[in-house]
Amino acid sequence: LNEKAGKKFGNTEDNLKDIKERLKRYTFEDCIKVVDIKVELWGGKIFSYGPAENWLVPTTLFSKDKFERYLNEKTPKMIKEKLDKDFMSNIFKKNS
């Protein structure tokens, strides 16, 4: 989170408790994916109550109420990659 979002969260119990809880059920890769998704979706955006980047914090990203929903979100980049892959797959099927 610190590296991808330009933050400086310390290794404090408050910052780590939700992450530790999510790691009981989800993988480390799932946690990285949530950070990647939200950094892409919220980076540089403005919510009505301020910069979206202000919500790139451990308590928001790894909360038990939001984590699974965030994990299943798709970014425009992910959708484009899937469409491109499907398009190329269909072209090769037609040409074989």
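Nothing here was measured: the structure is a model prediction, and the numbers come from that model.

Parameters and conventions
- Residues numbered from 1 in each chain as written.
- Predicted model: local features only at pLDDT ≥ 70, side-chain atom pairs only at ≥ 80, totals over all residues.
- Heavy atoms only, no water.
- Salt bridge = Lys/Arg side-chain N within 4 Å of Asp/Glu carboxyl O.
- Helix = DSSP H or I, 4+ residues; strand = E, 2+ residues; numbered from the N terminus.
- Buried < 20%, exposed > 50% of the residue type's maximum accessible area, 1.4 Å probe, protein only.
- 1 Å grid on protein atoms, 1.4 Å probe; cavity = no way out; pocket = protein on both sides within 12 Å on 5 of 7 lines; lining within 4 Å.
- Points joined across faces, edges and corners; volume = space filled by probe spheres on them.
- pLDDT = per-residue confidence, 0-100.
- Patch = residues over 30% accessible without salt bridge, like charges linked within 9 Å, V, L, I, M, F, W, Y side chains within 5 Å.
- Areas by Shrake-Rupley, 256 points an atom, 1.4 Å probe, with all protein chains shown as cover.
- Contact = heavy atoms within 4.5 Å.
- Arc of directions from axis to C-beta.

### Side note on the pattern of salt bridges
If you walk through the whole model with that rule in mind, you get 5 salt bridges. Asp36 is the partner of Lys4 in a salt bridge, and the nearest nitrogen-oxygen pair spans 2.6 Å. Within this pair, whereas Lys4 is found in helix 1 (residues 2–5), its partner Asp36 is found in helix 3 (residues 28–42), the two being separated by 32 residues in sequence. Looking at Lys4, the relative accessible area reads 43%, which means it is partly exposed. On the accessibility criterion, Asp36 (29% relative accessible area) is partly exposed.

### Things to note about the layout of surface pockets
Of the pockets and cavities examined, the largest pocket occupies roughly 400 Å³. Leu1, Ile19, Phe28, Ile32 and Phe62 are the residues nearest the centre of the largest pocket, which is lined by 17 residues in total. Of all elements in the fold, only helix 1, helix 2 (13–22) and helix 3 reach the threshold of two or more residues within the lining of the largest pocket. No other element matches helix 3, which puts 4 residues into the lining of the largest pocket.

### A few points about the confidence of the model for the protein chain
Summarising the model, the protein chain shows a mean pLDDT of 90, and 93% of its residues fall at 70 or more. When pLDDT is averaged over each element of the protein chain, helix 5 (residues 67–72) comes out on top at 97 and helix 6 (residues 76–94) at the bottom at 72.

### Description of a nonpolar patch on the surface
Where nonpolar side chains cluster on the molecular surface, the patch consists of Leu23, Phe28 and Ile32 and spans about 270 Å² of accessible area. Summarising the element assignment, Ile32 is placed in helix 3.

### Re the side chain of Lys38
Relative to the assigned elements, Lys38 resides in helix 3. With a relative accessible area of 3%, Lys38 lands in the buried category. If sequence neighbours within four positions are ignored, Lys38 has contacts with Gly43, Leu56, Leu61, Tyr70 and Glu73.

### Topic: helix 2
Buried within helix 2 we find Asn15, Asp18 and Arg22. Taken end-on, helix 2 shows its buried residues confined to a sector of 85°, consistent with a single buried face. In this structure, the buried residues of helix 2 make contact with helix 3, helix 4 (58–61) and helix 5.

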